[in-house]
Amino acid sequence: MAKQKNPWMKYILILVVALILLLISILKNRRYQQKTELVFDLNKKDINGITIMSNKDTVSFSQLNDSTWTPVEPDTGDINENKVNQLISGLLELEQTGIATEKPDNHETYNVGENATFVQLKKGENVLKSFYLGRSTSSWSQGYLRFKDENKVYRTNQNLSHVASPDPNSWQQ
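Residues numbered from 1 in each chain as written. Predicted model: local features only at pLDDT ≥ 70, side-chain atom pairs only at ≥ 80, totals over all residues. Heavy atoms only, no water.

Visitor: Tell me what's going on with the overall build of the chain, and back it up with residues and numbers.
Guide: Within the chain, the regular secondary structure consists of two helices and nine strands. Listing each helix as α and each strand as β along the chain from the N terminus yields α-β-β-β-β-α-β-β-β-β-β. Expressed as a percentage of the 173 residues in the chain, the buried residues total 34%. Here the analysis covers contacts within the chain between residues at least 6 apart in sequence; of these, 56% occur between residues at least 24 apart. A total accessible area of about 11700 Å² is found for the chain, and carbon and sulfur atoms account for 49% of it. For the chain, the separation between the mean place of its 20 positive charges and that of its 19 negative charges on side chains is 20 Å. (Helix = DSSP H or I, 4+ residues; strand = E, 2+ residues; numbered from the N terminus. Buried < 20%, exposed > 50% of the residue type's maximum accessible area, 1.4 Å probe, protein only. Contact = heavy atoms within 4.5 Å. Areas by Shrake-Rupley, 256 points an atom, 1.4 Å probe, with all protein chains shown as cover. Lys, Arg positive; Asp, Glu negative; His and termini not counted. Charge placed at Lys NZ, Arg CZ, Asp CG, Glu CD.)

Below you can see the structure in the form of structure tokens.
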């Protein structure tokens, strides 16, 4: 008796080969995907003081016991607490998507040099984090961050330089 060949066998074989090639392609491309991780390992409750500085202006806030924010320097009256909360939330959700440079000569290129917006997050009198916030000139949705006394400039998934304004008037209600 002659053995009958299954007419679907060649299609099944082609499908299996195609699935194997697809799997290989997915695994190869995985290494080129951008890895992101949070920039700050802080809790929102830990932050009860913020100082934002530039060459022109400085503004500082502190959180009172009842969780309201008040200006420390200069005293500009009531603060728009939504803006402060927006800044803190943005910083805590900020993800670094890679390193832009490690060369100190390039700090000004990424707007994180000594003349950039400098931010300090505090818990009481202790400084939790000190860093420079920069913005990308080519992409409005991307920013840069450099920690004080470090040369690495991190590319971030958000541009928070417009939120972290050192102008005291921008924080008023």
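There is more to say after this.
Visitor: Describe in detail the sheet that holds strand β1 (residues 37-38), supporting the description with residues and values.
Guide: A sheet is described by the order of its strands in space; here nine strands give the open sequence β1-β5-β9-β8-β7-β6-β2-β3-β4, paired in antiparallel fashion. Because the sheet does not close on itself, it has two edges, and the strands there are β1 and β4 (69-73). Here strand β5 (residues 95-101) pairs with strand β9 (residues 153-156) via four bridges, running antiparallel. For isoleucine 99, the partnering residue across the bridge sits in β9 and is tyrosine 154. (Pairing = 2+ DSSP bridges.)

Visitor: Describe the pairing of β5, with residues and values.
Guide: Burial analysis of β5 places five of its seven residues in the buried class, the great majority of the element. Bridge analysis of β1 against β5 gives two bridges, and the strand direction is antiparallel. Bridge pairing in β5 links leucine 38 to glutamate 95.

Visitor: Could you give an account of the nonpolar core, with specific residues and numbers?
Guide: In this structure, Ile50, Ile52, Phe61, Phe131 and Leu145 are the most contacted members of the largest nonpolar core, which totals 26 residues. Of all the secondary-structure elements, those providing two or more residues to this core are β2 (49-53), β3 (58-63), α2 (81-93), β6 (117-123), β7 (126-135) and β8 (143-147). With five residues, the top contributor of residues to this core is α2. Setting aside residues no more than four positions away along its own chain, phenylalanine 61 makes contact with Asn48, Gly49, Ile50, Ile52, Trp69, Thr70, Pro71, Val72, Ile79, Val84 and Trp171. Counting eight residues, the second-largest nonpolar core is a separate cluster that includes Val112, Ala116, Phe118 and Tyr132. (Core = buried A, V, L, I, M, F, W, Y, C linked by side-chain atoms within 4.5 Å.)

Visitor: A description of the environment of leucine 13 should follow, citing residues and the corresponding values.
Guide: Within the secondary structure, leucine 13 sits in helix α1 (residues 9-30). Of the residues examined, leucine 13 reaches a relative accessible area of 56% and is grouped as exposed. Sequence separation between leucine 13 and threonine 117 is 104 residues; the distance between their C-alpha atoms is 61 Å.

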